[in-house]
Amino acid sequence: MKDYSRVYVAVPTRGQVDWNTVLALQEARDTYGLPPIHYQAGRMSVSDTRAKIVQDFLASDAEVLLSIDDDVIPHPTFPEIVQHDVDVVGCPYPMIRSLASICVPAVFEPGVNGQAQIRRDPYGQQGLQEVYAIGTGCIAIQRRVLEHPKLKHNPFMYGFDTHGILVESDDLKFCRRVRKAGFEVYCDYSRPADHMCNGVSLWNLHSAYEAALLRVQEAQRGAPRPIILG
């Protein structure tokens, strides 16, 4: 069992940490005996901020890096993901993709030309599952991963094409490099996180979409509709 005092908890931020995130982290720190939380601020890209966190982590004696984005509100038991005997594991949190304009968990499967795409069955997933890639808004990374020669220096970098156009986010490229180095990526669906977007809870939107989908599926199966009185 991992010692929670040997977990390095960090928050990459550009200076505006959601108060819900702060409260959730403080409660988890007190409940699990986590060390002081490290807030790494930076005005450049999030890739730069994450790189600084990794270097500070490697300079410490911590066993696991637990990183939470400044607009993600983790599940109350999120520190327990470090107890999974896996290389990288994240908690699912909702996001909105422009192509779909609906909330889905930031969990991905292989797409065209090796690019990651949102998994085609985003709703109703449970337990610990190996995945192709996951958003890094709430993620635990074992030291052995970040000490690997192919990942030790700037593990979080964006992917650009030959014209300098961004084609891959830092979290998706990180997961691809992790798997290429021989490690595995997992998602713990039992500990979902919320994601705040301009003060709006994307989890509430995600839950509404999921509930609507379940109603449609029940109707398609010919399930009887409830009788509403009054």
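First, a word on scope: everything that follows refers to the structure included in this document. Predicted model, so just to flag it, every value in this text is computed and none were measured. (Residues numbered from 1 in each chain as written. Predicted model: local features only at pLDDT ≥ 70, side-chain atom pairs only at ≥ 80, totals over all residues. Heavy atoms only, no water.)

1. Focus: the sheet that holds strand S5 (residues 88–90)
Put simply, the rule reads: Two strands qualify as a pair provided DSSP detects at least 2 bridges between them. Helix and strand definitions follow DSSP, with helices as H or I runs of at least four residues and strands as E runs of at least two, each counted in order from the N terminus. To get an axis, a line is fitted to the C-alpha atoms, and for a helix only the part in contact is used. The angle between two axes follows their N-to-C directions and goes from 0 to 180 degrees. Should any heavy atoms of two residues lie within 4.5 Å, those residues are considered in contact.
The strand order across the open sheet formed by 7 strands is S2-S1-S3-S12-S5-S15-S10, and the pairing between neighbours is mixed. The sheet is open, and its two edges are formed by strand S2 (38–41) and strand S10 (128–130), each paired on a single side. Neighbouring strand axes in the sheet, compared pairwise and without regard to direction, differ in orientation by 25 degrees on average. As judged from the 3 bridges shared by S5 and strand S12 (residues 138–142), these two strands associate in the antiparallel manner. Each bridged residue has a counterpart across the sheet, and for Val-89 the counterpart in S12 is Ala-140. The sheet contacts of helix H2 (residues 46–59) involve strand S1 (7–13), S2 and strand S3 (64–68), and relative to S1 the element is tilted by about 160 degrees. Sitting on the sheet, helix H4 (residues 170–180) touches S5, S12 and strand S15 (185–188), and the angle it makes with S15 is about 125 degrees.

2. Digging into the side chain of Arg-50
Quick reminder of the rule: Distance and chemistry together define a polar contact, namely a pair of N or O atoms within 3.5 Å, with one atom able to donate a hydrogen and the other to accept it when in protein, and with adjacent residues in sequence counting only for side-chain atoms on both sides.
The topology assignment puts Arg-50 in helix H2. In terms of polar contacts, Arg-50 uses its side chain to reach the side chain of Asp-170, at 3.0 Å. Excluding residues that lie within four positions of it along the chain, Arg-50 makes contacts with Pro-12, Ser-67, Asp-69, Thr-136, Phe-156 and Asp-170.

3. Structural notes on unusual backbone geometry
Positive phi, close to 50 degrees, is recorded for Asn-154, a residue that is not glycine. Following the sequence through the fold, Asn-154 ends up in the loop between helix H3 (143–146) and strand S13 (159–160).

4. Quick notes on the pairing of S3
For clarity, the cut-off: For every residue, the accessible area (1.4 Å probe, protein chains only) is compared with the maximum for its type, and the residue is labelled buried under 20%, exposed over 50%, or partly exposed between those bounds.
With 5 of 5 residues buried, S3 is to be regarded as a mostly interior element. Burial along S3 is two-sided: Val-64, Leu-66 and Ile-68 facing one way and Leu-65 and Ser-67 facing the other are all buried. Of the strand pairs in this sheet, S1 and S3 are connected by 4 bridges, and their pairing is parallel. The residue bridging Tyr-8 from the neighbouring strand is Leu-65, located in S3. Strand direction decides the pairing type here: S3 and S12, joined by 5 bridges, are antiparallel. Its bridge partner lying in S12, Leu-66 is registered against Ala-140.

5. Observations concerning the environment of Arg-179
In this structure, Arg-179 sits in helix H4. Sequence separation between Arg-179 and Pro-105 is 74 residues, and the spatial gap between their C-alpha atoms is 20 Å. Setting aside chain neighbours within four positions, we find Arg-179 in contact with Val-131, Tyr-132 and Val-185. There is a polar contact of 2.8 Å between the side chain of Arg-179 and the backbone oxygen of Tyr-132.

6. Concerning the sheet that holds strand S4 (residues 72–73)
The 3 strands lie next to each other as S4-S16-S17, forming an open sheet whose pairing is antiparallel. Only two strands of the sheet have a single partner each, and these edge strands are S4 and strand S17 (200–201). In this structure, S4 lies alongside strand S16 (residues 194–197), joined through 2 bridges in antiparallel fashion. When the sheet's bridge partners are listed, Ile-73 is paired in S16 with Asp-194.

7. So, the state of the cysteines
Cut-off, in case you're wondering: Our working definition of a disulfide is a cysteine sulfur pair at a distance within 2.5 Å.
Enumeration over the complete set of coordinates arrives at 0 disulfides. Distance from the sulfur of Cys-138, which forms no disulfide, to the nearest cysteine sulfur (Cys-91) is 3.9 Å. What makes Cys-138 buried here is its relative accessible area of 0%.

8. Some details on the environment of Phe-108
Within the element layout of this structure, Phe-108 appears in strand S8 (residues 107–110). Judged by its relative accessible area of 5%, Phe-108 is buried. In sequence terms Phe-108 and Gly-135 are 27 residues apart; their C-alpha atoms lie 8.4 Å from each other.

9. As for the packing of aromatic side chains
Selection rule: Working definition: a ring pair exists when centres of Phe, Tyr or Trp rings (six-membered ring for Trp) sit within 6.5 Å. Plane angles under 30 degrees give stacked, over 60 give edge-to-face, the rest tilted. Only when the NZ atom of a Lys or the CZ atom of an Arg is both within 6 Å of the ring centre and within 35 degrees of the ring normal do we say a charge sits over the ring.
Under the criterion given, the structure shown has 4 aromatic pairs. Between Tyr-158 and Phe-160, the aromatic rings sit 6.3 Å apart at their centres with planes inclined by 70 degrees, giving edge-to-face as the arrangement. Its end group placed over the ring of Phe-156, Arg-50 keeps NZ or CZ at 5.6 Å from the ring centre. A cation over an aromatic ring shows up here: Arg-179 above the ring of Tyr-132, its NZ or CZ 3.7 Å from the ring centre.

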